[in-house]
Amino acid sequence: MIHPIILSGGSGTRLWPLSRKSYPKQFAALMGEESLFQTSARRLSGEGFAAPVILTGEPFRFIVSEQLAQIEQSPQGILIEPEGRNTAPAVLAAALWVAERNPNALMLVAPSDHVINNPEAFRATVQAAMPRAQAGDLVTFGITPDRAEIGYGYLELAPGGHPTAVEPQTLARFVEKPDEAKAKKMLAAGTFLWNAGVFLFTAEAILKAYHRHAPELVKAVTLAVDAASHDLGFTRLAPDAWAQVENISIDYAIMEKADNLAVMPFAEGWSDLGSWDAVWLQSGPDAQGNVCTPRATAIDCSDTLLRSESEGLELVGIGLNDIIAVAMNDAVLVVHKSQAQQVKEAVAALKKRKVSQAVQLPRDYRPWGWYESLVTGGRFQVKRIVVNPGAALSLQSHHHRSEHWIVVEGTARVTVNENIRLISENESLYIPLGATHRMENPGKVPMVLIEVQTGSYLGEDDIIRYEDVYARE
């Protein structure tokens, strides 16, 4: 039985503005109806696979559980990292968690934001790698390259290795992301694979490697796992211990030092969607090389990606060549395809200017649903709020604002101080400043309301919580 370990804590800044810190790319429907996280979970399921173990951050725990529920999957466990510390600590925490239950368990570690065109072929490749992993080797997966890509790290095969072999090969070394000239040489050599960041090993084997090559990491992560707390089905790694954990990748901490490595080639189509030009390529350009979403139009364009990500926002490109344009209702990106890797520099520049769009989507996802700000003024704000069936906001009050709620879809059960009442479509209710209040959706369909806030301060930190079913501080 293979135990999938799905890493789902990254911020995905290279796909800004669609991917932001508040809602990174793995949770977005970039390549279809389902999110990248959901397609990853589906790919690592079925016969021979146990329920997944998910590593994620505090802001995403309910997104993870909700998206798994949408595809009718239940996780084996969801481990919450207090802060991102890269892949080596995350994998070690998962290995300790799995080993406590089954030290001989096979762990398949995979990111949650990759695209694999042929999931059946990938599962077959994993099966082919199992004997080496069960024998105690650390197996990494390498992608047979089809172009001189500078956005990926590489794996060099040992002499005699073949990049399209159907069984694990001996690995010579890891190679950092190259420049274009070096990438072309490695492609021509035919002895290099792209580093997919996917690994297969037993819990016992990877723990031995950590004890040998990163003993200080083992000490700190073990403290965080042993002192973990549990609520609502989540395992929260201990924050104080986790803060002492080194920020380091599993490649640097373990793989580049280990002597029991093997690499399993995979040649059936893969992308980490690490930049917008990768999204363009993976989306299947038309005869003119263009990719357009339903609300985008290309006129006399070639080799161009046009994406409108907002309802009611039409994006039109005229006479463009090798251009990527992504439009949202609060931010627009226009970049030449050759410079798509530099989008993260734009995010850094926006952060330096303290621009909220650098990290925050206009739609803010919460455990109970989501909201978005429609209009903001000096002393007022208008929001659209969507509450999932059966969900409830916390019992709360505000120091600086009053609120007026108008239900436009569904029915709300509303608490104001000691009074509880139902509000149906086209009905409204006023919440005075300082009043204790809560809204719930008792129905079977999403409840939508418009909230008008007025007051001297409208920030989200003006919330005093008295009760919260989601255990938020």
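One numbering rule holds for all chains: residues counted from 1, following each sequence as written. pLDDT decides what is reported in this predicted model: residues at 70 or higher carry local features, side-chain atom pairs at 80 or more are listed and counted, and totals for whole chains, interfaces and linings draw on all residues regardless. Calculation of side-chain values draws on the structure's entire complement of heavy atoms; hydrogens and water are dropped beforehand.

Under the annotation held in an unreviewed UniProt entry, the chain carries the name mannose-1-phosphate guanylyltransferase and is attributed to Sulfitobacter profundi. In UniProt, the chain has this text filed under Sequence similarities (unreviewed entry): "Belongs to the mannose-6-phosphate isomerase type 2 family." UniProt positions are given in the numbering used here, feature names are shortened, and annotations may be inferred rather than shown by experiment. Here the chain is described in UniProt, under the heading Catalytic activity (unreviewed entry), as follows: "alpha-D-mannose 1-phosphate + GTP + H(+) = GDP-alpha-D-mannose + diphosphate".

**Considering the packing of helix α3 (residues 87-101) against helix α6 (residues 203-213)**
Contact geometry of α3 with α6 gives a least axis separation of 9 Å together with a crossing angle of 130°. By the angle between their axes, α3 is oblique relative to α6. The hand of the α3/α6 crossing is left-handed. Contacts between α3 and α6 involve Thr87, Ala88, Val91, Leu92, Ala95, Leu96, Val98 and Ala99 from the former and Ala203, Ile206, Leu207 and Tyr210 from the latter. Axis lines are fitted to C-alpha atoms, over the contacting stretch for helices. Their N-to-C directions set the angle, which ranges from 0 to 180 degrees. In this description a helix means any DSSP run of H or I spanning at least four residues, a strand means any run of E spanning at least two, and both kinds are numbered starting from the N terminus. Oblique is the label for every angle not falling under 35 degrees (roughly parallel), over 145 degrees (roughly antiparallel), or within 65 to 115 degrees (roughly perpendicular). Take the far helix as your reference; a near helix turned counterclockwise from it by less than a right angle gives a left-handed crossing, and one turned clockwise gives a right-handed crossing. Note on definitions: a residue-residue contact is assigned when non-hydrogen atoms from the two residues lie within 4.5 Å.

**As for the environment of asparagine 441**
Mapped onto the elements, asparagine 441 comes out in the loop between β28 (437-440) and β29 (447-455). Spatially, the C-alpha atoms of asparagine 441 and valine 414 are 8.9 Å apart, while their sequence positions differ by 27 residues. Under this definition, polar contacts are N or O atom pairs within 3.5 Å; protein pairs additionally need one hydrogen-donor-capable and one acceptor-capable atom, and for neighbouring residues in sequence, both atoms have to be side-chain atoms. For asparagine 441, the side chain forms a polar contact with the main-chain oxygen of valine 387, separated by 2.9 Å.

**As for the UniProt feature "domain: MannoseP isomerase/GMP-like beta-helix" (unreviewed entry) in the chain**
The UniProt record annotates "domain: MannoseP isomerase/GMP-like beta-helix" (unreviewed entry) at residues 298-350. With 15% helix and 38% strand, residues 298-350 has its two end C-alpha atoms placed 28 Å apart.

**Concerning the sheet that holds strand β20 (residues 363-366)**
Only strands joined by at least two bridges in the DSSP assignment are considered to pair. Pairing within the open sheet is antiparallel, and its six strands lie in the order β20-β21-β22-β29-β24-β27. Two strands in the sheet have a free side with no partner beyond their single neighbour: β20 and β27 (428-431). If you compare each strand with its neighbour and ignore which way they point, the axes differ by 20° on average. Sheet topology places strand β21 (residues 369-376) next to strand β22 (residues 380-387); seven bridges connect them, and they run antiparallel. From the neighbouring strand, tyrosine 371 faces β22, where its bridge partner is isoleucine 385.

**Thoughts on the pattern of salt bridges**
Here a salt bridge means any side-chain nitrogen of Lys or Arg lying within 4 Å of a carboxyl oxygen belonging to Asp or Glu. Under the defined criterion, the tally for this structure stands at 25 salt bridges. We note a salt bridge from glutamate 83 to arginine 85, for which the minimum N-O separation is 3.4 Å. On the accessibility criterion, glutamate 83 (35% relative accessible area) is partly exposed. The shortest N-O distance in the salt bridge between arginine 132 and aspartate 137 comes to 2.7 Å. Relative accessible area serves as the criterion here: at 27%, arginine 132 is assigned to the partly exposed category. Several salt bridges share partner residues, and in doing so they unite Glu58, Arg61, Asp231 and Arg236 into one network. We call a residue buried when its accessible area falls under 20% of the maximum for its residue type, exposed when it is over 50%, and partly exposed in between, using a 1.4 Å probe and counting protein chains only.

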